[in-house]
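# Breakdown of the fold
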Amino acid sequence: MDQRQSGESLNLSLFAPNNEEVGVIGSWNDFKPQGMKRGEDGWWRLGLSLGDGEYRYKFKVKSRSYFCKDQSVEISDPYAISITPDKAEQSILVVKNGQRVWVDYRWEHDDTPLADNQDLVIYEMHVGDYNRGKDSKAPGTFVQAIERLDHVQNLGCNCIELMPVKEFPGQTWGYNLRSLFAVENSYGRPEDLCRFVDACHARGIRVVVDGVYNHADKDCPLAQIDYDYWFYNPNPDPPLMQWGPKYNYAYFDEKLKIFPARKYAIDSIRYWVEKFHIDGIRFDATRAIANFDMMRELAQSAFDMVGGCKPFFTVAEHVPEDPAITGYPKGPMVAAWHESMAKQLQALATRVEQFGYKPFDMARLVSLMNPHENGYGSGNRFVNYIESHDEERVIQQMGDKAHVFDEAAFRRIKLVAALLLISPGLPMIWMGAEFGFPSDKSLDPRPLDWRLLKNKNNSDLLEWYKKLIRIRLDNRAVRSDFFSVELTDQERQVLVIKRWDDAGSMILLAVNLTDNPAGEFVLENKGLEDGAWHEALYGYEVEVKGGRLVDSLEASQAKVFIKKA
């Protein structure tokens, strides 16, 4: 970022090495055009002397892009941290003591201890829908999200994964970014994002942001400046993977000796780590990015900024899956979304086949749970979830596809929640799933309906999730990679798995995968220590004698047994 300043008290700068004409229009002189001068490094600059205050500006550029070649276009600053929320899309310039102020915020909770990567319980959040009135036309904001952060803390989640919060047009999920720098203006100012992250840290919650580095919005500034310099033309991906102009990370500028698209992405990552104190990045559409070496370069830029001072998490959305992308630094990312496990859990909950995953395929379920069989090698390398923003919610699917409602539906949700949170892997909860919020998959607003918590089924499900998360956080055995199957009864679809650690802690998860009562089950000759075992979800004691545990399972029931000290 330092290269943007070149001795003047304040510079406006635009990197456009091959464009012939670049100027700026700003509110400081009633938007009268001012010419800029290009340096040998490809940056156009204009030195200004401005009083304290907030200003608006745009660049005027003679375009080199194929769709508007040699036309004069007005664009926002690709490096601006804030853009006006109107159609003018003007960049915001804040000046204090003659210098540009990027983010004006004093951090208060940087010293709060945060969970290590292997201990994460993730809550996926869409800021626009998390906390706003059900009928509100305006999206939710960072400030409104702060008002309900206690919900995430009380749930037990220690990490929030934010869907995109960088500048995008309209009210969507935000995967069509106009900028890799600017904070989405409908969510608030950059300082509001800082307040949100700081408020999370105060509660011991880490913040991971969704990073979209494969593609941009078709009207983004870089596409209008010089399309072929920044993006592939034509897009080499198959039509189903073409979501907008695709960054050309392979293009090398021989004259300036840089990979321009890589530099822009790396500058953005470093800036967000430095200014917003984020604790990780979820890399969107890494299957489309494809190049592991380049992705490692992007991820490494974040780790370099953190410098080992705090844990940092990088997770890939890589579909179809390839475990080789995980295990940083061997793979470019720390972990990856485990989509196959999600499909298996969805099939189990709905009793409807999902993309080839069958509801009662116990062998496949066990294999997907087991890090020694699923290709990842460690539970720290994959993120399990029942649903994410990319799927129709499972509670909705049960009504639409299986015609199962009310208590029967909530029993099944509790079952798969237990498998999610007691199995190996880092668990992720899509906001609202913890209390059974139903909705279809839609890019349109789907605000959470918090009124549902007045209903017994919904509030009971929330308490169930809290118990499971507490079990996970309180027992290292559940966060280890030690895993074994102790009972598989195919006829009754009863499954018992064991989790343990190297310090002697042991936990059993027993589940009935069907809607029929399973009755009694017996575990013996499994190395169970005699004495009192505590069933942690329903709160009663089971006595193990001669290594033999006997209990029973009702319809779609899960139980967790912990050896009492």
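Structure report, in brief. (Residues numbered from 1 in each chain as written. Predicted model: local features only at pLDDT ≥ 70, side-chain atom pairs only at ≥ 80, totals over all residues. Heavy atoms only, no water.)

### Thoughts on the nonpolar core
Judged by nonpolar contacts, the single largest core of 174 residues is most densely connected at Tyr123 and Phe196. In this structure Phe196 touches Met125, Phe142, Ala145, Ile146, Leu149, Ile160, Leu162 and Val207, once residues within four positions along its chain are discounted. Among the nonpolar cores identified, the runner-up in size contains 16 residues, and Val494, Trp533, Val542 and Phe561 belong to it. (Core = buried A, V, L, I, M, F, W, Y, C linked by side-chain atoms within 4.5 Å. Buried < 20%, exposed > 50% of the residue type's maximum accessible area, 1.4 Å probe, protein only. Contact = heavy atoms within 4.5 Å.)

### What about empty space enclosed by the protein?
Under the counting rule described, the total for this entry stands at five cavities of 30 Å³ or more. Of the pockets and cavities examined, the largest cavity occupies roughly 140 Å³. In terms of lining, the largest cavity is formed by 17 residues, of which the most central are Trp173, Trp430, Ser439, Ser442 and Arg446. Of the residues assigned to the lining of the largest cavity, the class counts are five nonpolar, five polar and seven charged. Here the second largest cavity defines a volume of roughly 80 Å³. If you go around the second largest cavity, you meet 14 residues; those closest to its centre are His126, Pro139, Gln171, Thr172 and Tyr187. Along the lines of polarity and charge, the residues of the lining of the second largest cavity split into five nonpolar, six polar and three charged. (1 Å grid on protein atoms, 1.4 Å probe; cavity = no way out; pocket = protein on both sides within 12 Å on 5 of 7 lines; lining within 4 Å. Points joined across faces, edges and corners; volume = space filled by probe spheres on them. Nonpolar A, V, L, I, M, F, W, Y, C, P; charged D, E, K, R; others polar.)

### As for the pattern of salt bridges
For side chains of opposite charge, pairing can occur when their charged atoms come near one another. Summed over all chains, the structure comprises 42 salt bridges. Across the pair Glu463 and Lys466 runs a salt bridge whose closest N-O atoms are separated by 3.4 Å. Of the two residues, Glu463 and Lys466 both sit in helix 13 (residues 456-474), three residues apart, roughly one turn of that helix. Where Glu529 meets Lys563, a salt bridge forms, and the shortest distance between an N and an O atom there is 4.0 Å. Of the two residues, Glu529 sits in the loop between strand 21 (519-523) and strand 22 (531-535) while Lys563 sits in strand 25 (residues 558-563), which places them 34 residues apart along the sequence. (Salt bridge = Lys/Arg side-chain N within 4 Å of Asp/Glu carboxyl O. Helix = DSSP H or I, 4+ residues; strand = E, 2+ residues; numbered from the N terminus.)

### Things to note about the environment of Gln144
Structurally, the position occupied by Gln144 is in helix 2 (residues 142-147). For Gln144, a relative accessible area of 27% gives the class partly exposed. Beyond its immediate chain neighbours, meaning those up to four positions away, Gln144 contacts Asn131 and Pro139. Here the side chain of Gln144 touches Thr141 through a polar contact of 2.9 Å, landing on its backbone nitrogen. (Polar contact = N/O pair within 3.5 Å; in protein donor to acceptor, adjacent residues only side chain to side chain.)

### A few points about the packing of helix 5 (residues 221-230) against helix 6 (residues 260-276)
Taken N-terminus to C-terminus, the directions of helix 5 and helix 6 make an angle of 125°; their axes are 10 Å apart at the nearest point. With respect to helix 6, the element helix 5 is oriented oblique. Contacts from Leu222, Tyr229 and Trp230 of helix 5 reach helix 6 at Pro260, Ala261 and Tyr264. Of the residues in the contact of helix 5 with helix 6, the class split is six nonpolar, no polar and no charged. (Axes fitted to C-alpha atoms, helices over the stretch in contact; angles between N-to-C directions. Parallel < 35°, antiparallel > 145°, perpendicular 65-115°, else oblique.)

Any functional reading would require information beyond the geometric quantities listed.
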